[in-house]
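# Observations on the three-dimensional arrangement
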Amino acid sequence: MKILFLVYHGFSDYSGISKKIHYQVKGLRENGYEVHLCYYGFDSRGHRCRYVDDEVIKDYGKDRWAGLRQRTDYGCVYDYCKLNGIQFVYARCFQNANPWLIRFFRDLNKIGVCSVTEIPTYPYDEEFASFPFSVRMELKVDQLFRRRLGREMVAFVTFSDAEKIFGQRTIRISNGVDFDNIPIHQFQSQDDAVHLIGVAEVHLWHGYDRLIKGIGEYYKNTDAPRNVYFHIVGGVAPDDRYKDNEYHQGFQNIIDHYGIQDRIIFHGTLFGEELDKVFNQCQFAIGSLARHRSGITVIKTLKNREYATRGLPFIYSEQDSDFDHQPYVLKAPADETPINVQQILDFIDSHQFEPQEIRKTVEHLTWKIQMKRVVDEATAMNS
C-alpha cells in the first residue's frame, strides 16, 4: 500500500511533535507500507514550499500572498497522489479546516483514496483561550468547517475515548513509542537529593505552576526538608514564566515568593545526549498536571509513554487507561491545589522500580502496532 503522511507545517530537531511524526512514519514503514512524507516549509531563499520526501512539489514564492497560497492550494498534493498511485492519506490536524481543504479531500475520495485525520488532542478549543487574537480567529474558521471536513474522512484518529468527533466516527489508539530512539534510564546519583524532571513545550495545561507551588509549600512547612529540585526541559512561554494569567502569577513570581530560586532549574530545549544526561540525574518525572484547564479529562499523552519507555516512575492528573493502574504511577488530583511534594518523596522512598520492568509494560504501545491498527480499521471501514 502507498501512503501519504500529510503534515501542514515543518519540522524542528527540538520538537517532540516533529519526533513523533517521524516515529509514526517509521512505524508505518515497519509494517511494509510505502510511505511518503508531505510537509510545508521554507527553502534556502526563504520561499514557502510544499515538499514530499524533501523534494519541492510546489514553490509558493516569498511575496505577501505566498502564505495565503499555501493555505488554499492543495492541487499539488492532489496531483502527487494521483500521479504516484497513493491509496491512503494520513493527515495530522492543524486546526485548519477550510473550504479548500474540504475540496482537496473530496477530490481524493473521487479517485478512491482512503483518508483519515489525526486529532492530537480532543477537545482542543479551550487550548486556544490564551493564544493571540489572530490565532483564535483561525480557530473560528476551523469551527465553521471542521464537521464538513469530517464528512470527507473515513474516520478521525484520536487518543481520547471519544467514539465520534465532529459527527464522524473515530479510530481510537494510544500515542506510541519508539524503542530505538528512547534510551533506558540510568540513574546516576551524586547525593541524597531528589531530582524531578518535566519535559514539554510548556503550556498552561502542563500545570508546572502546581508543582512549583508544591515545592514552595514543602520548604515553607517542613522543619527538616530534603533537597528537592525540579528540572524543566523545553520552551517556556513568557506568559507562564513571567506574567500573570488566569491560573497563576507566573513561574518566576511563584519562585521569588517562596525563595526557591535554586530549586527550579530551567534548562531550555535539549535533545540527544544533553537531554539524556538530565534524565539520568532524576529519579521521578512530571506529566501534565492541569489538562482540566483545557477541558480535557481523558487523554493518552505522548509524554507519559516516553517516561515509561525510559523506565521512570511519574505523576499526572488526567485519565489515561494505559497507566492509571500501573504501580509506578502517582495520580495527582485534577484541580488547582499545589502538588503534595511529601507524597512524591514518600512514593519514591517506598518503591524501588527497575527501569527495564517499567519499559516492558509499554511494549504493546510501539508505533508499529498503533499505526497498523489505524490502517487496518480505516480500510475495513472504507471497504
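A brief look at the structure comes next. In this text, all values refer to a predicted model and were calculated from it rather than measured experimentally.

Turning to the packing of helix H3 (residues 75-83) against helix H4 (residues 99-110), a few remarks are in order. Packing of H3 against H4 brings their axes to within 10 Å, and their N-to-C directions diverge by 15 degrees. Relative to H4, the element H3 lies roughly parallel. Here the hand of the crossing between H3 and H4 comes out right-handed. Facing H3, whose interface residues are Val-77, Tyr-78 and Cys-81, H4 presents Phe-104, Asp-107 and Leu-108. Taken together, the residues of the contact of H3 with H4 break down into five nonpolar, no polar and one charged.

Here we take up the environment of Arg-29. Assignment of secondary structure puts Arg-29 in helix H1 (residues 16-30). Filtering out sequence-adjacent residues up to four positions away, Arg-29 remains in contact with Val-35 and Asp-53. At 2.7 Å, the side chain of Arg-29 forms a polar contact with the backbone oxygen of Val-35.

Strand-to-strand pairing in sheets goes through backbone hydrogen bonds, with the strands running parallel or antiparallel. Strand order in the open sheet formed by six strands is E12-E11-E10-E13-E14-E15, with parallel pairing between adjacent strands. A strand with exactly one partner marks an edge of an open sheet, and here the two such strands are strand E12 (264-268) and strand E15 (329-331). Averaged over all pairs of adjacent strands, the angle between strand axes in this sheet comes to 25 degrees, irrespective of strand direction. Pairing analysis gives six bridges linking strand E10 (residues 194-199) to strand E11 (residues 228-233), with the strands arranged parallel. Paired with Ile-197 across the bridge in E11 is His-231.

Okay, the pairing of strand E2 (residues 34-42) next. When you tally the buried positions in E2, you get seven out of nine residues, the bulk of the element. Judged from the five bridges that link them, E2 and strand E3 (residues 48-52) form a sheet pairing that is antiparallel. Bridging from a neighbouring strand, Tyr-39 pairs with Tyr-51 of E3. Counted between consecutive antiparallel strands, the loop separating E2 from E3 contains five residues, among which Gly-46 sits at a positive phi close to 90 degrees.

Attention now moves to the pattern of salt bridges. Per the counting criterion, the structure on display carries 26 salt bridges. Here Arg-106 and Glu-152 are joined by a salt bridge, their closest N and O atoms 3.5 Å apart. Remark: Glu-152 occurs in the loop between helix H5 (133-151) and strand E7 (155-158) and Arg-106 occurs in helix H4; sequence separation between them is 46 residues. Overall, the relative accessible area of 33% leaves Arg-106 in the partly exposed class. Take Glu-152: its relative accessible area is 13%, and that puts it in the buried class. It is possible to trace a salt-bridge network through shared partners that takes in Lys-300, Arg-305, Asp-320 and Asp-322.

If you trace the nine strands from one edge of the open sheet to the other, you get E4-E3-E2-E1-E5-E6-E7-E9-E8, paired in mixed fashion. Each edge of the open sheet carries a strand with a single partner, namely strand E4 (55-61) and strand E8 (164-165). Sheet topology places strand E5 (residues 88-92) next to strand E6 (residues 114-119); five bridges connect them, and they run parallel. What sits directly across from Tyr-90, in E6, is Val-116. Strands in contact with helix H13 (residues 367-382) are strand E1 (2-6), E5, E6, E7 and strand E9 (168-172); relative to E9, the strand with the most contacts, it is inclined by about 150 degrees.

Calculation rules
- Residues numbered from 1 in each chain as written.
- Predicted model: local features only at pLDDT ≥ 70, side-chain atom pairs only at ≥ 80, totals over all residues.
- Heavy atoms only, no water.
- Axes fitted to C-alpha atoms, helices over the stretch in contact; angles between N-to-C directions.
- Helix = DSSP H or I, 4+ residues; strand = E, 2+ residues; numbered from the N terminus.
- Parallel < 35°, antiparallel > 145°, perpendicular 65-115°, else oblique.
- Left-handed = near helix turned anticlockwise from the far one by under 90°.
- Contact = heavy atoms within 4.5 Å.
- Nonpolar A, V, L, I, M, F, W, Y, C, P; charged D, E, K, R; others polar.
- Polar contact = N/O pair within 3.5 Å; in protein donor to acceptor, adjacent residues only side chain to side chain.
- Pairing = 2+ DSSP bridges.
- Buried < 20%, exposed > 50% of the residue type's maximum accessible area, 1.4 Å probe, protein only.
- Salt bridge = Lys/Arg side-chain N within 4 Å of Asp/Glu carboxyl O.

It is worth stressing that arrangement in space is one thing and function is another; only the former is reported here.
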